[in-house]
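# Secondary and tertiary structure notes
If you want the building blocks of each chain, they are given just below.
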Amino acid sequence: MVGAMPRLVTAAVIALGVAFVPASAGAARTCTSSDLEGTRAPAMLRDHGLDTQDGPLVAGTRYRVVVVQELAIGDNSHPVDGTIAVSAPNGPALTPGTEDDRPVYDFTPAGAGTVRLVVSWDAEVGSSGSGDVCSASQSFDIPVLAPTIPKIRGSFHRGGSAFGSSFLLKLAGQKPQDPGKVTVVLRARRGTTRPPRPRGHALGRFSFKPLGDGHFEAHGGDRQLRHAFYATTTGSGVKIYGYPNMPFGRTLRFAFSLQVIQNGKTVGGMRSGARCRRVQFTGHSAIMCRAVRLVQRP
């Protein structure tokens, strides 16, 4: 997790304030700039030093600060074992623990704003055993953004000779994505074009994990309303298309509702009825439908 330690500060995404103050009453003195030459704050967040964060944090996401003592080894001093501490004086609460024998601090920003992380430690100046110990502290203001919920678009595609008709509900995210899992709940009826309401028995559920870059990872497999339609995940959405083996000359009617839920709240969806027939083309047939009362909500 330590890896190479870049020394450039990304000023656009992190405001850095450095102050050297006594870490404890027992420290002989405050470290000078010369004492700390070549050192960095001995902690990492998201595989980066606190002074080289590559972007803002997202509210509601859990983060971990890992103590990396080696970062505080400098040209003229080295950290004293067991003296490194991390705090967030203005919140959120830090939960201490360990990872691979290193101290860690977990926290979750509650809302948009700034998280100030303060790292303090004692440093021994000169060679080991010199007895010249000073105290240091560095503070870092890291921006926090409010997460965005996905944009939801429902559409109907009439199709043609190559492909039959289909309905598509698509999720589109934008940074910073809300990290909460997205669940798409499918409800359906056959023999009618009147969609079910967004409550009660569900034919199936599809899960989408936000990836943080605006995309989603789909889980849930396929579902079907027997002899009516199939529903499957496709990219960042759900596709519905008519049962392909319906008899020629008959009219297939079905209706469905797709409810999109994130963090326990409905954030959108779509519903529609469909009236379909099987049409013969050269060498193959396809189910051609007409959307009935398609609405951009569950």
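Below or above, wherever it landed, is the structure these notes cover. Quick caveat, the model's predicted, so the values are computed rather than measured. (Residues numbered from 1 in each chain as written. Predicted model: local features only at pLDDT ≥ 70, side-chain atom pairs only at ≥ 80, totals over all residues. Heavy atoms only, no water.)

### Quick notes on the sheet that holds strand β14 (residues 166-172)
Ordered by their spatial adjacency, five strands build an open sheet running β13-β14-β20-β19-β18, and the pairing between neighbours is antiparallel. The open sheet has two free edges, formed respectively by β13 (151-157) and β18 (223-225), since each of these has just one partner strand. Strand-to-strand, the axes of this sheet are offset by a mean angle of 15 degrees, without reference to chain direction. With four bridges joining them, β14 and strand β20 (residues 237-242) adopt antiparallel strand pairing. Considered in β20, the bridge of Lys170 is made with Gly237. (Pairing = 2+ DSSP bridges. Helix = DSSP H or I, 4+ residues; strand = E, 2+ residues; numbered from the N terminus. Axes fitted to C-alpha atoms, helices over the stretch in contact; angles between N-to-C directions.)

### Some details on the environment of Phe256
Locating Phe256 in the fold gives a position in strand β21 (residues 252-262). Judged by relative accessible area, Phe256 falls into the buried class, the value being 0%. Distance from Phe256 to Ala93, taken between C-alpha atoms, is 45 Å for residues 163 residues apart in sequence. Setting aside residues no more than four positions away along its own chain, Phe256 makes contact with Phe167, Leu186, Arg187, Ala188, Pro195, Pro196, Phe229, Ile240, Met270, Arg271 and Ser272. (Buried < 20%, exposed > 50% of the residue type's maximum accessible area, 1.4 Å probe, protein only. Contact = heavy atoms within 4.5 Å.)

### With respect to the sheet that holds strand β22 (residues 265-281)
Read across the open sheet, the six strands follow the order β17-β16-β15-β21-β22-β23; overall the sheet is antiparallel. Two strands bound the open sheet, and with one partner strand each, they are β17 (216-219) and β23 (284-295). For this sheet the average axis-to-axis angle between neighbouring strands, irrespective of direction, equals 25 degrees. In this sheet, β23 lies alongside β22 in antiparallel orientation, the contact comprising 10 bridges. Residue pairing in the sheet places Gly273 in a bridge with Val292 of β23.

### A word on the state of the cysteines
All told, the structure shown has two disulfides when counted by the stated rule. Across a sulfur-sulfur distance of 2.0 Å, Cys31 and Cys134 are joined as a disulfide pair. Here the S-S torsion is close to 90 degrees, and the disulfide linking Cys31 with Cys134 is therefore right-handed. Placement of Cys31 in the loop between β2 (29-30) and β3 (43-45) and of Cys134 in strand β12 (residues 133-145) is noted, with a sequence separation of 103 residues between them. The pair Cys31 / Cys134 is uniform in exposure class, with both members buried. In the protein chain, the bonded cysteines, numbered by position in the sequence, are linked as 1-2, 3-4. (Disulfide = S-S within 2.5 Å.)

### Let's talk about the side chain of Glu124
Position of Glu124 among the secondary structure elements: in strand β11 (residues 113-125). Nearest to the buried, unbridged Glu124 among oppositely charged side chains is Arg29, at 10 Å. Of note is the side chain of Glu124, whose polar atom sits 2.9 Å from the backbone nitrogen of Gly129. With residues up to four places along the chain from it excluded, the contact list for Glu124 reads Asn76, Ser77, His78, Val80, Gly129, Ser130, Gly131, Asp132 and Val133. (Lys, Arg positive; Asp, Glu negative; His and termini not counted. Salt bridge = Lys/Arg side-chain N within 4 Å of Asp/Glu carboxyl O. Polar contact = N/O pair within 3.5 Å; in protein donor to acceptor, adjacent residues only side chain to side chain.)

### Some details on unusual backbone geometry
For residues other than glycine, phi is negative in most cases, and the peptide bonds are mostly trans. In this model, Gly91 is joined to Pro92 through a cis peptide bond whose omega is 5 degrees. The topology assignment puts Pro92 in the loop between β8 (85-87) and β9 (95-99). Residue Pro176 is reached from Lys175 by a cis peptide bond, and omega for that bond is -10 degrees. Checked against the element boundaries, Pro176 lands in the loop between β14 and β15 (182-190). One non-glycine residue with positive phi stands out, namely Arg46, at about 55 degrees. Turning to its location among the elements, Arg46 is positioned in the loop between β3 and β4 (48-49). Of note in this structure, Asn263 is not a glycine but carries a positive phi near 55 degrees. With respect to the helices, strands and loops of the structure, Asn263 is situated in the loop between β21 and β22. For Asn263, a relative accessible area of 51% translates into the label exposed.

### A look at the packing of aromatic side chains
What the rule picks out here adds up to seven aromatic pairs. Summarising the aromatic geometry, the rings of Tyr230 and Tyr241 are spaced 5.8 Å apart at their centres and angled 25 degrees between planes, so their arrangement reads as stacked. Highlighted residues: Tyr230 in strand β19 (residues 229-233) and Tyr241 in strand β20, separated in sequence by 11 residues. A relative accessible area of 25% means that Tyr230 is categorised as partly exposed. What links up through ring pairs into an aromatic cluster is the set Phe156, Phe167, Phe229, Phe254 and Phe256. Geometry around Phe206 places Arg223 over its ring, the cationic atom sitting 5.8 Å from the centre. (Phe/Tyr/Trp six-rings, centres within 6.5 Å; stacked < 30°, edge-to-face > 60°. Lys NZ or Arg CZ within 6 Å of the ring centre and 35° of its normal.)

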